[in-house]
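# Inside the fold
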Amino acid sequence: MAPDFRRWIIEAYGEIYGRPHLDKKEQALIVILSLVTQGAHTQLATHIKRGMNAGLTKEQVEECIIQCLPYNGFPRVQQALTILKEIIEE
């Protein structure tokens, strides 16, 4: 379905992630925060894995998610922590 959509995603990510001012771990933390804030849990697992592959620790990802609590509420943070737990247990 929608073959152009995948190409657009790849092109956009390549352009954005190719910028030189943040390292891969910093970029990953920002994306994780953004996805938690949006409640975009479908995409969250992919980006948590990407961040951990870039060198983020479980504790760093967990803290990143917890920092969203005052701004996003318990349901979104709890769901994000559940996703992190599932990834760790894989």
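The paragraphs below set out a description of the structure included in this document. Position labels on residues start from 1 in each chain and follow its written sequence. Per-residue local features of the predicted model are confined to residues with pLDDT of at least 70, and side-chain atom pairs are confined, for both listing and counting, to 80 or more; whole-chain, interface and lining totals are unaffected and use all residues. As a rule here, side-chain values come from all non-hydrogen atoms in the structure, and water together with hydrogens is ignored.

On to the environment of Leu 84, then. A run of DSSP states H or I qualifies as a helix once it reaches four residues; a run of E qualifies as a strand once it reaches two. Both are numbered from the N-terminal end. With respect to the helices and strands, the residue Leu 84 is situated in helix H6 (residues 74–89). Working definition: with a 1.4 Å probe on protein chains only, accessible area under 20% of the residue-type maximum means buried, over 50% means exposed, and in between means partly exposed. Overall, the relative accessible area of 3% leaves Leu 84 in the buried class. On a C-alpha basis, the gap between Leu 84 and Val 61 in space is 7.9 Å, while along the polypeptide they are 23 residues apart.

Take the packing of helix H2 (residues 24–38) against helix H4 (residues 58–66) next. In contact at an axis separation of 9 Å, H2 and H4 are set at 40 degrees when each is read in the N-to-C sense. Between H2 and H4, the crossing angle belongs to the class labelled oblique. As H2 packs across H4, the resulting crossing turns out to be right-handed. Every residue of H4 that contacts H2 at Leu 29, Ile 32, Leu 33 and Val 36 is listed here: Gln 60, Val 61, Cys 64 and Ile 65. Axes here refer to lines fitted to C-alpha atoms; in helices the fit is confined to the stretch in contact. Angles between the N-to-C directions go from 0 to 180 degrees. What sets the label is the angle itself: under 35 degrees gives roughly parallel, over 145 gives roughly antiparallel, 65 to 115 gives roughly perpendicular, and the rest give oblique. The sense of a crossing depends on the near helix, which, turned anticlockwise from the far helix by less than a right angle, makes the crossing left-handed and, turned clockwise, makes it right-handed. The contact definition used throughout considers only heavy atoms, calling two residues in contact when any of these lie within 4.5 Å.

So, about the layout of surface pockets. Put simply, the largest pocket is a space of about 330 Å³. Grid spacing is 1 Å over the protein atoms alone, the probe is 1.4 Å, and a cavity is where that probe fits but cannot get out, while a pocket is an open set with protein on both sides within 12 Å along at least five of seven lines and lining residues have an atom within 4 Å of a point. Lining the largest pocket we find 15 residues, and of these Ile 16, Tyr 17, Gln 27, Ile 30 and Val 31 sit closest to its centre. Looking at the lining of the largest pocket, the element that brings in the most residues is H2, giving six residues. Throughout this entry, Asp, Glu, Lys and Arg are counted as charged residues, while Ala, Val, Leu, Ile, Met, Phe, Trp, Tyr, Cys and Pro are counted as nonpolar. The remaining residues, Gly among them, count as polar. Residues that form the lining of the largest pocket fall into these classes: nine nonpolar, five polar and one charged. Taken as a whole, the second largest pocket spans an internal volume of roughly 210 Å³. Contributions of two or more residues to the lining of the second largest pocket are made by helix H1 (3–17) and helix H3 (41–53). With five residues, H3 is the single largest residue contributor to the lining of the second largest pocket. Of the residues in the lining of the second largest pocket, the class split is five nonpolar, four polar and one charged. Grid points are joined across faces, edges and corners, and a volume is the space filled by probe spheres set on the points.

Turning next to the environment of Gly 14. By secondary structure assignment, the location of Gly 14 is in helix H1. On a C-alpha basis, the gap between Gly 14 and Ile 88 in space is 27 Å, while along the polypeptide they are 74 residues apart.

Turning our eyes to something else, we now look at a nonpolar patch on the surface. Where nonpolar side chains cluster on the molecular surface, the patch consists of Phe 5, Trp 8, Ile 9 and Tyr 13 and spans about 410 Å² of accessible area. Within the secondary structure layout, Trp 8 lies in helix H1. Overall, Trp 8 belongs to the partly exposed group, its relative accessible area being 48%. Nonpolar side chains (Val, Leu, Ile, Met, Phe, Trp, Tyr) within 5 Å and like charges within 9 Å form the patches, drawn only from residues with over 30% relative accessible area and no salt bridge. To measure how exposed things are, a 1.4 Å probe is used in the Shrake-Rupley method; for residues, cover is taken only from the protein chains shown. By convention in these notes, a salt bridge is any Lys or Arg side-chain nitrogen within 4 Å of a carboxyl oxygen on Asp or Glu.

Once that is clear, we can look at H2. Here the expected span of a helix is defined as 1.5 Å times the quantity of residues minus one. Helix length check: H2, at 15 residues, gives a terminal C-alpha distance of 21 Å against a target of 21 Å (1.5 Å per residue), a fit within 8%. Those residues of H2 lying buried are Gln 27, Ala 28, Val 31, Ile 32, Leu 35 and Val 36. Viewed end-on, H2 has its buried residues packed into an arc of 165 degrees, placing them on one side of the element. Where H2 is buried, its residues contact H1, H3, H4 and H6. The arc in question is the one spanned by the directions pointing from the helix axis to the C-beta atoms.

Structural measurements only, silent on function.
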